[in-house]
Amino acid sequence: MHLDHELDEKFPHRHTYSAAHPQRPDGTRRALRIGLGGPVGSGKTATVAALCRTLRDQLSLAVVTNDIYTREDAAYLLREAVLPPERITAVETGACPHTAIRDDISANLEAVEDLEDDLASQGAGPLDLILVESGGDNLTATFSKGLTDAQIFVIDVAGGDDIPRKGGPGVSTADLLVVNKTDLAPYVGSDLEGMARDAKEQRGELPVIFQSLRGEPGVGPVADWVRAQLADWTGKAAHAA
Amino acid sequence: MSGAAAALLVLADGRFPAGGHAHSGGAEAAVKAGRVKDAASLGAFCRGRLHTAGLTAAALAAAAAAGHDPLALDEAADARTPSPALRRTARKLGRQMMRAARATWPCPELDALAAARPRGAHQPIVLGLAARSAGLTPLDAAHACAYENISGPATAAVRLLSLDPFDATAVLARLAPEADDVARRAVEAAEGDLADLPAASAPLLDITAEAHATWPVRLFAS
Amino acid sequence: MTTVLGAGTPAPARPAPPPMPAPAAAVAPRVAVTPVAAVAPAAAAGPAGVRAHVRITAASDGRGGTALPLLSGEGPFAPRRTRSADPARARVTLVGAMSAPLGGDRLTVETRVEAGAALRLDSSAAMIALPGRVPGHAEYGVRLTVGEDAYAHWLPEPLISARGSDLRQHLVVDLAPTARLVLRDEQVLGRTGEEPGRLSTRLTVRVAGRPLLDQQLDYGPGAPGWDGGAVLGAGHRAVGQLLVVDPAFAERPAEPRMLGETAAVTPLAGQGLLVTAVAPDALQLRRLLDQSHIFTSW
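Along each chain, residue indices are assigned from 1 in the same order as the chain's sequence is written. Note on labels: chains are lettered from A, ligands numbered from 1, in written order. Totals for whole chains, interfaces and linings use every residue, but because this is a predicted model, local features are given only for residues with pLDDT of at least 70 and side-chain atom pairs only at 80 or more, for both listing and counting. With hydrogens and water set aside, each side-chain value is computed from the structure's full complement of heavy atoms.

Looking at an unreviewed UniProt entry, one finds chain C named Urease accessory protein UreD and attributed to Streptomyces iconiensis. UniProt positions are given in the numbering used here, feature names are shortened, and annotations may be inferred rather than shown by experiment. The record held by UniProt for chain C lists under Subunit (unreviewed entry) the comment "UreD, UreF and UreG form a complex that acts as a GTP-hydrolysis-dependent molecular chaperone, activating the urease apoprotein by helping to assemble the nickel containing metallocenter of UreC. The UreE protein probably delivers the nickel."

Labelled according to an unreviewed UniProt entry, chain B appears under the name Urease accessory protein UreF, originating from Streptomyces iconiensis. Quoted verbatim from the Function (unreviewed entry) field of the UniProt record, the comment on chain B reads "Required for maturation of urease via the functional incorporation of the urease nickel metallocenter."

S.K.: How should I be thinking about the pairing of strand 17 (residues 263–267) of chain C in this particular structure?
M.R.: Looking down a regular strand, the side chains alternate between one sheet face and the other. Residue and element names in this part refer to chain C. The buried fraction of strand 17 is high, at five of five residues. When accessible area is computed with a 1.4 Å probe and restricted to protein chains, residues below 20% of their type maximum are described as buried, those above 50% as exposed, and intermediate ones as partly exposed. Segments assigned H or I by DSSP are reported as helices when at least four residues long, segments assigned E as strands when at least two residues long, and all are numbered from the N terminus. Because side chains alternate across strand 17, one face comprises the buried residues A263, V265 and P267, and the other comprises A264 and T266, equally buried. Here, any two strands with at least 2 DSSP bridges between them count as paired. As paired elements, strand 16 (residues 257–258) and strand 17 share two bridges and run antiparallel to each other. In the sheet register, M258 faces strand 17, and the bridge partner there is A264. Taken together, strand 16 and the strand that follows it, strand 17, pair antiparallel across an intervening segment of four residues, in which G260 is found at a positive phi of about 70 degrees. Of the pairings in the sheet, the one linking strand 17 to strand 18 (residues 272–279) comprises five bridges and is antiparallel in character. Across the sheet, A263 pairs through a bridge with A277, a residue of strand 18. Between strand 17 and strand 18, which pair antiparallel in sequence order, lie four residues.

S.K.: How should the interface of chain A and chain B be read in this particular structure?
M.R.: As a measure of interface size, the accessible area lost when the parts come together is often cited. By definition in these notes, contact holds between two residues if any of their heavy atoms fall within 4.5 Å. Between chain A and chain B, the contact holds 31 residues from the first and 31 residues from the second. In this description, buried area is defined as the sum, over both parts, of the accessible area (probe of 1.4 Å) that is lost when the two are combined. Overall, the association of chain A and chain B removes approximately 2900 Å² of surface from exposure, summing both partners, and the carbon and sulfur fraction of that is 48%. Here a salt bridge means any side-chain nitrogen of Lys or Arg lying within 4 Å of a carboxyl oxygen belonging to Asp or Glu. Our count for the contact surface shared by chain A and chain B stands at six salt bridges. Among the salt bridges present, the one from D114(A) reaches R119(B), with a minimum N-O distance of 3.6 Å. Throughout this description, a polar contact denotes any pair of N or O atoms lying within 3.5 Å of each other; where both atoms belong to protein, one of them has to be capable of donating a hydrogen while the other can accept it, and for residues adjacent in sequence the pair is counted only when both atoms sit in side chains. Inspection of the chain A/chain B interface yields 13 residue pairs in polar contact (both at pLDDT 80 or more). Residue assignment for the side of chain A that touches chain B shows that the elements contributing at least two residues are helix 1 (6–10), helix 4 (97–103) and helix 5 (106–121) of chain A. It is helix 5 of chain A that provides the largest number of residues to the side of chain A that touches chain B, a total of seven residues. Ten residues, namely Ala, Val, Leu, Ile, Met, Phe, Trp, Tyr, Cys and Pro, are considered nonpolar, four, namely Asp, Glu, Lys and Arg, are considered charged, and the remaining ones, Gly among them, are considered polar. Split by residue class, the side of chain A that touches chain B holds 11 nonpolar, 10 polar and 10 charged.

S.K.: Help me understand the pattern of salt bridges in this model?
M.R.: In total, this model carries 39 salt bridges over all chains according to the counting rule given. The salt bridge partner of E205(A) is K200(A), with a shortest N-O separation of 3.2 Å. Of the residues examined, E205(A) reaches a relative accessible area of 72% and is grouped as exposed. On the basis of relative accessibility, which here comes to 46%, the residue K200(A) falls in the partly exposed class. A salt bridge links R120(C) to D122(C); the shortest N-O distance between them is 2.7 Å. One continuous salt-bridge network, built from bridges that share partners, spans E110(A), E113(A), D114(A), R95(B), R99(B) and R119(B).

Here is the structure:
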């Protein structure tokens, strides 16, 4: 009678309502969630695409995008075919990505849980990693700890080499700071050493990776950092179980 | 009022993390069609919405808060929502409201509805049950629902039209007595036979919701 | 008790509705009611308005056709059996017998389409709600019951809400799980160039007692926000719906689609499809509804 409820039967109830647990309600390990944020044009989507290409053969992964306009970043990832379409979901944010990743994370939690449930029900096995990408936003936009386990903040050398000095929650507290497009530094007159110094000043022991996706090692160091996070997470989850 | 006034403020706060910020309540489509272009047309839009979709939603919320069977109300909500795009939106927001409500005011009734409708029940019903769980009255639930029905489009219009936020808030303030009236009518209806719950609808909201759902580029999810 | 009217029965006298917009305070002319048959209870017309009840029953005739064992009317409507394009299916046309509904009137049409029968019910002309001699609103109730494997088409001409009128219409449809239905409901708000009266109309449809569709529309003076951008929008004075219920939709729901900017075809949560349209006038509204869903009537 009620055609809309077909999915209710297909996917029994299992959503969590507090996000912090390492396990899904059915007791299986949930995927590690890593957020990627940063200003517009810093290369978040390109980094996500490169990570997918590098990691997709070793890990089961999926991506959630948070766009200002509908689902542009998701459309880009689909066009680039970095992952099959069922592994990419777009969250609509009402023009406010920072609200959707920090203040009201409910839509993003639905998205990550739906990806886990849908892929499991398609026989694709458990997901290892979900990358949650924020639409380009300002320097204060950070991910809620209720949504992601770790976050990467992506800035670029062309956005001004004074960004690390200015700090802000993204630069100073992200688990990893990526300074992207180092290949452009000579052209835009950015001082990489100064940026590294300022970042160290703001972040203390928290890691910083300088990256250029044009040429070697490309996204390699960031992918290694993600692998290390995942190993740590898997160990913790095994311990919790 | 129930005496739990602060709990009502928590529930009705625009910052309550239940996903509302990503939805315009039909305002984005109305702005594109030129039907909402300034404070006056926003006022007319919100007024029509309040007395149609707002009244229907408020009555569902009041009935849920009064303890009526949420699954029967969910079926009644389906019958009052011919647009599949709006049914999807209502269930999506219901699921998000459920998550927030179970974290803030946990109760077995919310758990039971979540288990029966894992992809989400219609949002006003979840809101009504959340109000019940928070110790609020059916009138409180109806107030929260009626207010949210107009505050969503008003906030969206500020972003879509760069409308003066003071003007948009003044629109809401001028509609406040009517929102009170809608909440009272919703509660009266919820005290009667469920089959007679208001079914007030707005043809343009239904039609434009379908069109909006197909837009390739938009700011709001609905 | 019942009176079966042949198509040739002369229509009782009725005045034509006023062709021009009537001033708000005008009282429509009224003639004495001619009972359609001596055995039928006469419709009462008095200071309280007309109370009239039409009853129609269609039943399978046992030979693959549809018989009309009950066809009774009084007051403003005379139900006539009219020529059907499909001899195996019945057609009844409501012929207006007087101006109605006016303020204070209580009109009811009760139709049963029993198991296996097929009935098309339509009307000879638009129904115009007018202000009455007595204060207060008019009520027009339609009750349609469709049995197992039965088929009903409810295709009346539009309802026009004239200035100063106040009509509450309620259509209640009860369908058996295997019943099929096509229902068209059109409202025109004011005659040409005229402000509308107050019109409230509710459509309640149940399948096996469970709600399938419940919608109430409220227009005109005293209905807050009805001409704003959420409900009708500027320049739209005709609104209509086409509802199709068919058990086949349970297997294969209709695809949602737009018809221009102001009409949409939507699959319901149950076994139905609803077309909702708004338009500047009755003609453009009918054009939208006609192109929305192709079906064959009889």
